[in-house]
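Structural description and commentary
One-letter residues, chain by chain:
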Amino acid sequence: MQYSSRRVAQIPPYVFAEMNKKKARMIQEGVDVIDLGIGDPDLPTPRPIVDKLIEEMQDPANLKYPSFIGCAEFRKAVADFYGREYGVALDPDTEVLALIGSKEGIAHLIPALVDPGDVVLVPDPSYPVYRMATEIAGGEPYGMPLTAENRYEPRFDTIPKETAERAKLMFLNYPGNPTAATVDLDCFERAVSFGRAHGIAIAHDSAYGMVTIGDYKAPSILQAAGAKEIAIEFGSLSKTYNMTGWRIGYAVGNSRLIKSLSVIKSNMDSGPFTPIQKAAAFALNGDKETIVAHNRIYRERMDVVIEGLAAIGVRAEAPRGSFFIWAKVPQGYTSAAFAARVLEEAGVIVTPGPAFGPAGEGYFRISVSVPGDRLEEAMNRIRHQLKFDGGQL
Ligand SMILES: *Cc1c(COP(=O)(O)O)cnc(C)c1O
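Residues numbered from 1 in each chain as written. Predicted model: local features only at pLDDT ≥ 70, side-chain atom pairs only at ≥ 80, totals over all residues. Heavy atoms only, no water.

Quick word on the site of the ligand
- Inspection of the region around the ligand gives 13 residues, with Asp205, Tyr208, Ser236, Ser238 and Lys239 positioned closest.
- Separating an oxygen atom of the ligand from a side-chain N or O atom of Ser236 is a distance of 2.6 Å.
- Side-chain polar atom of Arg247 to an oxygen atom of the ligand: 2.7 Å apart, as the coordinates give it.
- Alone, the ligand offers 390 Å² of accessible surface; in the complex the protein occludes 94% of this.
- For the shell around the ligand, the elements supplying multiple residues, two or more each, are helix H5 (102-113) and helix H10 (237-240).
- Residues of the shell around the ligand, tallied by class, amount to 3 nonpolar, 6 polar and 4 charged. (Near = heavy atom within 4 Å. Polar contact = N/O pair within 3.5 Å; in protein donor to acceptor, adjacent residues only side chain to side chain. Areas by Shrake-Rupley, 256 points an atom, 1.4 Å probe, with all protein chains shown as cover. Helix = DSSP H or I, 4+ residues; strand = E, 2+ residues; numbered from the N terminus. Nonpolar A, V, L, I, M, F, W, Y, C, P; charged D, E, K, R; others polar.)

Spelled out as structure tokens, the structure:
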């Protein structure tokens with residue numbers, strides 16, 4: 001008797017699942033662990049969105065199986081949002097699809113487009129789902145290294161010609177997890193030209209599209225010329241409105257890519273709960289005051305982290321988006337060794353860069369989506385409890 005397929009047996013445990021186990025063990029041992037590892041907003045979902053959900057749940061019609069592509073109200077709200085935010089016109093019937101969180105759509109896009117042996121171009125480091133879902137589908141992930149030197153943008157000219165020919169799909173993600181990198185539209189324009197030249201679909205993960213700092217406005221890939229011919233963009237209410245547990249997101253863009261994704265989905269799931277879609281539509285139609293207020297809080301917290309890290313000789317840049325700080329480990333450390341020291345000596349979890357791909361070696365990620373007082377406590381401990389060695393870590 002075999003209890004898992006070859007497909008499953010090859011998959012290492014989900015990185016965050018492992019970290020959660022370690023954290024639980026330390027807490028059981030009485031350590032007051034502060035977890036700066038996981039990107040799940042600490043701030044609550046704005047109350048009016050919760051109230052809207054409760055209201056929609058009173059209608060029995062909303063409690064039946066949802067429509068496969070999502071309810072009309074939600075799809076229209078997404079299309080309107082794209083018109084307002086990006087000046088991009090979308091047909092809510094063919095260019096918008098409701099998702100049970102964007103992770104679901106990202107994972108299902110791969111079997112929708114990729115046959116065994118096909119290459120998927122994946123940023124390295126990046127959100128682990130792109131690579132893992134590719135492996136589960138029998139595809140071959142090809143890592144595109146993102147480095148500080150190339151401003152965390154893939155160098156398309158370094159992708160071997162044979163690889164580009166075998167590639168069906170490329171993932172991009174800006175503002176980026178874990179690097180917090182942001183781009184301007186010209187990066188998407190280069191990606192779209194490359195994709196069109198090689199017949200490669202592009203999936204842009206815009207989970208942090210609205211989580212931006214100061215005056216920076218993150219572009220949509222659909223603003224790039226010709227993008228609608230080959231691109232799909234994933235959006236999510238999770239990070240924008242602190243709705244991670246609700247499981248609601250969307251895919252927008254090329255209607256044939258959307259159609260393929262919906263074929264997989266209609267055979268795997270039955271769409272998000274209708275009252276959640278209606279509350280999400282309400283959120284998307286609302287003003288941006290709470291989003292701006294949340295982003296301001298992240299900005300202040302980032303300053304706390306940058307200052308705390310500077311005290312131990314780690315220089316980190318203030319990002320223009322996401323709620324992450326991506327920083328280089330002190331000289332002489334691997335990512336894992338540094339993270340282990342921070343955990344053992346300060347009781348603080350930071351995520352070692354290689355959790356997101358081999359090019360993450362030498363870096364670690366801190367999430368500021370934790371309460372401000374806990375973040376300050378964590379940074380104080382890092383400043384004072386890490387044992388300095390002749391003034392150096
Ligand atoms: C959080 C996150 C997601 C998943 O968001 P959901 O909509 O909650 O599934 C997708 N991509 C990245 C890069 C993320 O950090």
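Thoughts on the sheet that holds strand E4 (residues 140-145)
- On the basis of which strands lie adjacent, the open sheet formed by 7 strands has the order E2-E8-E7-E6-E5-E3-E4 and mixed pairing. The open sheet has two edge strands with one neighbour each: strand E2 (96-99) and E4. Here the strands of the sheet are splayed against their neighbours by 20 degrees on average, with no regard to which way each runs.
- Packed on one face of the sheet, helix H6 (residues 128-136) meets strand E3 (119-124), E4, strand E5 (167-173) and strand E6 (201-205) and runs near 160 degrees to E4. (Pairing = 2+ DSSP bridges. Axes fitted to C-alpha atoms, helices over the stretch in contact; angles between N-to-C directions. Contact = heavy atoms within 4.5 Å.)

A word on the pattern of salt bridges
- Going through the model one piece at a time under the given rule, you end up with 29 salt bridges.
- Close ionic contact of Asp157 with Arg155 constitutes a salt bridge, the shortest N to O distance being 3.0 Å.
- Given a relative accessible area of 60%, Asp157 falls into the exposed group.
- Taking the relative accessible area as the measure of exposure, Arg155 reaches 44% and is therefore partly exposed. (Salt bridge = Lys/Arg side-chain N within 4 Å of Asp/Glu carboxyl O. Buried < 20%, exposed > 50% of the residue type's maximum accessible area, 1.4 Å probe, protein only.)

A short note on the packing of aromatic side chains
- Counted under the stated rule, the structure contains 17 aromatic pairs.
- On the basis of an interplanar angle of 75 degrees and a centroid distance of 6.5 Å, the ring pair of Trp326 and Phe356 is categorised as edge-to-face. Of this pair, Trp326 sits in strand E9 (residues 324-328) while Phe356 sits in the loop between strand E11 (351-352) and strand E12 (363-367), and the two are 30 residues apart along the sequence.
- Owing to a relative accessible area of 4%, Phe356 belongs among the buried residues under this scheme.
- Ring centres of Trp326 and Tyr363 lie 5.2 Å apart, and the angle between their planes is 0 degrees; this geometry places the pair in the stacked category. With Trp326 in strand E9 and Tyr363 in strand E12, this pair connects stretches of sequence that are 37 residues apart. Here Trp326 and Tyr363 have matching classes, each one buried.
- One aromatic cluster is present, built from ring pairs that chain together Phe74, Phe81, Tyr82, Tyr86 and Tyr250. (Phe/Tyr/Trp six-rings, centres within 6.5 Å; stacked < 30°, edge-to-face > 60°.)

Details of the domain arrangement of the chain
- Parsing the chain into structural domains produces domain 1 (6-45 + 289-385) and domain 2 (47-285).
- Measuring from the centre of the C-alpha atoms in domain 1 to the corresponding centre in domain 2 gives 25 Å.
- Of the residues lining the interface, 33 residues belong to domain 1; the matching set on domain 2 comes to 38 residues.
- Between domain 1 and domain 2, a total of about 3000 Å² is buried, with carbon and sulfur atoms accounting for 59% of that surface.
- Our count for the contact surface shared by domain 1 and domain 2 stands at 1 salt bridge.
- Across the salt bridge formed by Asp184 and Arg320, the nearest N and O atoms sit 3.8 Å from each other.
- Inspection of the domain 1/domain 2 interface yields 16 residue pairs in polar contact (both at pLDDT 80 or more).
- Elements represented by at least two residues in the side of domain 1 that touches domain 2 include exactly helix H13 (289-311), E9 and E12.
- Broken down by element, the side of domain 1 that touches domain 2 gets its largest block of residues, 6 residues, from H13.
- When its residues are assigned to classes, the side of domain 1 that touches domain 2 shows 19 nonpolar, 9 polar and 5 charged. (Domains from an automatic or database assignment. Buried area = accessible area lost by both parts, 1.4 Å probe.)

Thoughts on the nonpolar core
- By size, the foremost hydrophobic cluster in this structure holds 60 residues, and its most contacted members are Phe74, Tyr82, Leu121, Leu172, Leu222 and Leu237.
- Among the elements that make up this core, the one with the highest residue count is helix H4 (residues 72-86) (7 residues).
- Looking at which domains feed residues into this core, each of domain 1 (6-45 + 289-385) and domain 2 (47-285) supplies at least three.
- Leaving out residues up to four positions away in the same chain, Phe74 has contacts with Ala98, Leu237, Ile248, Gly249, Tyr250, Gln277, Ala280, Ala281 and Leu284.
- Grouped together as the second largest cluster of nonpolar side chains are 37 residues, Tyr298, Ile366, Ala378 and Leu386 included. (Core = buried A, V, L, I, M, F, W, Y, C linked by side-chain atoms within 4.5 Å.)

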